[in-house]
Amino acid sequence: MQQNIENLLQQTLVGSKPARPMYSISSHVIVAFFGGPFGLLFYSLNSIRYSRLLKRWWLGYLVLFAVVLASQIYLGQATVTGFPNWIPIDAKVPADLKIVNRIIALLIMGFLYLLQKRLFTISELKGESPKPWIPAIISSILGFVFSIASITGAISYAQ
Amino acid sequence: MHSDNHQSIQYLVDIGRYNQAKQETQDLLHSDPNNIELLGLLATICWYQDDFEEGIEVAETGLSYSPDNEVLKHILFLLLLGDEQFEDSEVLIIDLIRNNPRNDDYFRGYAELMLYTFHLGKAKKLIAEAIRIAPDDASSQLIATLIDIADGKLTESKKKLEKLIKESPDDEHILRLLLLQLCIKKKHHAAMLLAQELLRRNPHEQELIDLIISLRTTTHWSAIPLWPVYRFGWVASIAMWMIYIVLVRMEDKMSVAWFNYVVWGYLGWCLYSWIHQPVFNRIFKSRGL
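Please read all numbers here as calculations on a predicted model, not as lab measurements. (Residues numbered from 1 in each chain as written. Chains lettered and ligands numbered in written order. Predicted model: local features only at pLDDT ≥ 70, side-chain atom pairs only at ≥ 80, totals over all residues. Heavy atoms only, no water.)

Novice: Quick rundown of the environment of Tyr23 of chain A? Include the residues and the values.
Specialist: All names here are of chain A. Along the chain, Tyr23 falls in the loop between α1 (2-8) and α2 (25-43). For Tyr23 and Asn46, which are 23 residues apart along the polypeptide, the C-alpha to C-alpha distance reads 9.1 Å. Contacts of Tyr23, omitting those with residues within four sequence positions, involve His28, Tyr43, Phe120, Ser129, Pro130, Lys131, Pro132 and Pro135. (Helix = DSSP H or I, 4+ residues; strand = E, 2+ residues; numbered from the N terminus. Contact = heavy atoms within 4.5 Å.)

Next comes the structure, spelled out in structure tokens:
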């Protein structure tokens, strides 16, 4: 038991950045909606860093980034080749493509929320979330630009 | 005379007259600037007032005269925690625990620090140790309940809270925790009644006022059509958007004139859900409580 107490008395916070409250979950939904999957990733950078789910959080972040990039490239190619028959969506219709992109962003948001549910709850317990406007707008714009760039690049390559 | 003064200052602190208590303490310190007890009292008053910067300065001054003073170290820990100087507060609390391994207050303080820095696993172990030392201490049970809420264990937290309420039905910290639970479970009516009771005890607390205004909005009769939105939050928002897509698809496929009105009616409901809270919050805020 003494060993257990001794283990508890080892410093945990040495060299770590201050743990800021996370942005609210509703702001994540809005960024996912308007900024797409890339916008959501940029907006979630801080929360992924604090989640400590992986020792090297940046590795998990890079994997997510690669998954999102792959999804955008696939969507770009689908506008030329179309989706498989079992997907009842016409990839050549821009409005439908936007819907698919939003669904992808919301699925990623749901995944991140399930992984970080405790952090969101602790942030709520701590009190007010930080004002999300500026980071949300910047993330949404950057996300939009990245999505357009990757989809356009994929279309050019496919044609 | 000395202890009379300290008692009167302590009384002022107990009834929440912090400004007056601070003034009296500072007046006494003018004639006795090295008085450790007064410095500790002043630092504590600063903590109550969330004046962390001044409190830290006062506590450090006191510790420069008496470096091993446990009371001053503890109040400095609380001030550093309040000021979000987490690394320094951790060093201090570890030092306190090493010198006093049977003090449950210190384990509880460390658990709180770990909880608010997102180290939930370590917070659980620390509060378990605090409860092992003092199983009947309500403050430790409160922190344990908060940790259960953070961990998503709402059933366990509910049981702990019920026990706490039974033992101390009038304890404000416990009532606040109950309020938190009611808000998390979206029991808005019950939460509003409880928040109003807490406001009677703390009439100038802005956070409570804002909460009551928000709860009044969600429990007003105009919010009845928006029940799914207030009940399910962002999940409802996503569902609303998906329903809109389905309705638009159906409208394209169906050649029925009236369906157009269904889609427009639905859009109107969505717009109402977006503006309801900000508009009614403003109305209730201007009306006052």
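What follows picks up the thread again.
Novice: Could you give me a rundown of a nonpolar patch on the surface, with the residues and numbers involved?
Specialist: Residue and element names in this part refer to chain A. Taken together, the side chains of Trp133, Ile134, Ile137, Ile138, Ile141, Leu142, Phe144, Val145, Phe146 and Ile148 present a nonpolar region at the surface, about 1,000 Å² in accessible area. With respect to the helices and strands, Trp133 occurs in helix α6 (residues 133-158). With a relative accessible area of 62%, Trp133 lands in the exposed category. (Patch = residues over 30% accessible without salt bridge, like charges linked within 9 Å, V, L, I, M, F, W, Y side chains within 5 Å. Areas by Shrake-Rupley, 256 points an atom, 1.4 Å probe, with all protein chains shown as cover. Salt bridge = Lys/Arg side-chain N within 4 Å of Asp/Glu carboxyl O. Buried < 20%, exposed > 50% of the residue type's maximum accessible area, 1.4 Å probe, protein only.)

Novice: Go over a negative patch on the surface with me, naming the residues and quoting the values.
Specialist: Residues and elements named next belong to chain B. Together, Glu53, Glu57, Glu60, Asp83, Glu87 and Asp88 give the surface a local cluster of negative charge. Secondary structure elements with two or more residues in the negative patch: α4 (52-65) and α6 (86-99). No other element matches α4, which puts 3 residues into the negative patch. As for its placement among the helices and strands, Glu87 is situated in helix α6. Residue Glu87 is classed as partly exposed on the basis of its relative accessible area, which comes to 32%. (Lys, Arg positive; Asp, Glu negative; His and termini not counted. Charge placed at Lys NZ, Arg CZ, Asp CG, Glu CD.)

Novice: Tell me what's going on with the confidence of the model for chain B, and back it up with residues and numbers.
Specialist: For chain B, mean pLDDT is 89; residues scoring 70 or higher make up 99% of the total. Complex prediction metrics read pTM 0.78 and ipTM 0.72. (pLDDT = per-residue confidence, 0-100.)

Novice: Describe in detail helix α2 (residues 18-31) of chain B, supporting the description with residues and values.
Specialist: All names here are of chain B. An ideal rise of 1.5 Å per residue puts 20 Å on 14 residues; α2 measures up with 21 Å between its terminal C-alpha atoms. Among all positions of α2, only Ala21, Lys22, Thr25 and Leu29 are buried. In a view along the axis of α2, the buried residues occupy a sector of 100°, so they form one face of it. Set apart from the buried face of α2 by more than 90 degrees, the exposed residues are Asn19, His30 and Ser31. (Expected span 1.5 Å × (residues − 1). Arc of directions from axis to C-beta.)

Novice: Explain the nonpolar core to me, and be specific about the residues and the numbers.
Specialist: Side chains of a nonpolar character, in soluble globular proteins, are inclined to be buried together. Core analysis: the biggest nonpolar cluster contains 85 residues, and Ile93, Tyr110, Leu113 and Leu115 of chain B have the highest contact counts within it. Among the elements that make up this core, the one with the highest residue count is helix α5 (residues 94-126) of chain A (11 residues). Beyond its immediate stretch of four places on either side in the chain, Leu113 of chain B contacts Leu13 of chain A together with Phe77, Leu81, Phe86, Ser89 and Glu90 of chain B. In this structure, Ala195, Leu198, Leu199 and Leu215 of chain B belong to the second largest nonpolar core, which totals 16 residues. (Core = buried A, V, L, I, M, F, W, Y, C linked by side-chain atoms within 4.5 Å.)

Novice: Talk me through the packing of α2 of chain A against α5 of chain A; I want residue IDs and the actual numbers.
Specialist: All names here are of chain A. Orientation of α2 relative to α5, taken along the N-to-C sense of each, is 135°, at an axis distance of 8 Å. Judged on the interaxial angle alone, α5 and α2 are oblique. In this structure, α2 crosses over α5, and the sense of that crossing is right-handed. Here α2 contributes Ile25, His28, Val29, Ala32, Phe33, Phe34, Gly36, Pro37 and Leu40 to the contact with α5, which in turn contributes Asn101, Arg102, Ile104, Ala105, Leu106, Ile108, Met109, Leu112, Tyr113 and Phe120. (Axes fitted to C-alpha atoms, helices over the stretch in contact; angles between N-to-C directions. Parallel < 35°, antiparallel > 145°, perpendicular 65-115°, else oblique. Left-handed = near helix turned anticlockwise from the far one by under 90°.)

Novice: Pulling in residues and values, what's your account of unusual backbone geometry?
Specialist: For residues besides glycine, phi is generally negative; the peptide bonds are generally trans as well. Residues and elements named next belong to chain B. The phi angle at Asp50 is positive, at roughly 60°, despite the residue not being glycine. With respect to the element layout, Asp50 can be found in the loop between α3 (36-48) and α4. Located in the positive-phi region is Lys186, a residue other than glycine, with phi close to 60°. Along the chain, Lys186 falls in the loop between α11 (172-184) and α12 (188-201).

Novice: Run through the packing of aromatic side chains, naming residues and quoting values.
Specialist: Residues and elements named next belong to chain A. This structure, assessed with the given rule, holds 18 aromatic pairs over all chains. Geometrically, the ring pair formed by Tyr23 and Tyr43 is stacked, given 4.8 Å between the ring centres and 15° between the ring planes. Taken together, the residues Tyr23 in the loop between α1 and α2 and Tyr43 in helix α2 connect sequence positions 20 residues apart. Judged on exposure class, the residue Tyr23 and its partner Tyr43 are both buried. Here the aromatic cluster, defined as three or more aromatic residues joined through ring pairs, consists of Phe38, Phe42, Phe65 and Phe146. (Phe/Tyr/Trp six-rings, centres within 6.5 Å; stacked < 30°, edge-to-face > 60°.)

Novice: Account for the pattern of salt bridges, naming residues and giving values.
Specialist: Scanning the model with the defined rule gives 19 salt bridges over all chains in all. A salt bridge links Lys22 of chain B to Asp51 of chain B; its shortest N-O distance comes to 3.2 Å. Here Lys22 of chain B, found in helix α2, pairs with Asp51 of chain B, found in the loop between α3 and α4; they are 29 residues apart in sequence, far enough to count as distant. For Asp51 of chain B, a relative accessible area of 25% translates into the label partly exposed. Residue Asp148 of chain B pairs with Lys160 of chain B through a salt bridge whose shortest N-O separation is 2.5 Å. Placement of Asp148 of chain B in helix α9 (residues 138-150) and of Lys160 of chain B in helix α10 (residues 154-167) is noted, with a sequence separation of 12 residues between them. On the accessibility criterion, Lys160 of chain B (27% relative accessible area) is partly exposed. Linked by salt bridges that have partners in common, Arg118 of chain A together with Lys124, Asp151 and Lys153 of chain B make up one network.

Novice: Please set out α2 of chain A residue by residue, giving values where relevant.
Specialist: All names here are of chain A. The terminal C-alpha atoms of α2, which comprises 19 residues, lie only 11 Å apart, well short of the 27 Å expected from a rise of 1.5 Å per residue. Remark: the principal bend of α2, roughly 135°, maps to Gly35, with a proline, Pro37, within the next four residues. Along α2, 15 of the 19 residues are buried, which leaves the element largely enclosed by surrounding structure. (Bend = angle between axes of the 7 residues up to and from the residue.)

Novice: Describe the interface of chain B and chain A, and please don't skip the residues or the numbers.
Specialist: The partner chain A presents 34 residues to the 34 residues of chain B that form the contact. When the two sides are added together, the surface that chain B and chain A hide from each other amounts to roughly 3,200 Å², 71% of it contributed by carbon and sulfur. When the buried surface of chain B facing chain A is broken down by residue, Phe118, Trp234 and Trp241 of chain B rank first, second and third, together holding 27% of it. At the surface where chain B touches chain A, the tally comes to 3 salt bridges. Across the salt bridge formed by Asp96 of chain A and Arg249 of chain B, the nearest N and O atoms sit 2.3 Å from each other. For the interface between chain B and chain A, the tally reads 9 residue pairs in polar contact (both at pLDDT 80 or more). Those elements that provide at least two residues to the side of chain B that touches chain A are α6, α7 (104-116), α8 (120-133), α9 and α15 (234-253) of chain B. The element contributing the most residues to the side of chain B that touches chain A is α6 of chain B, with 7 residues. (Buried area = accessible area lost by both parts, 1.4 Å probe. Polar contact = N/O pair within 3.5 Å; in protein donor to acceptor, adjacent residues only side chain to side chain.)

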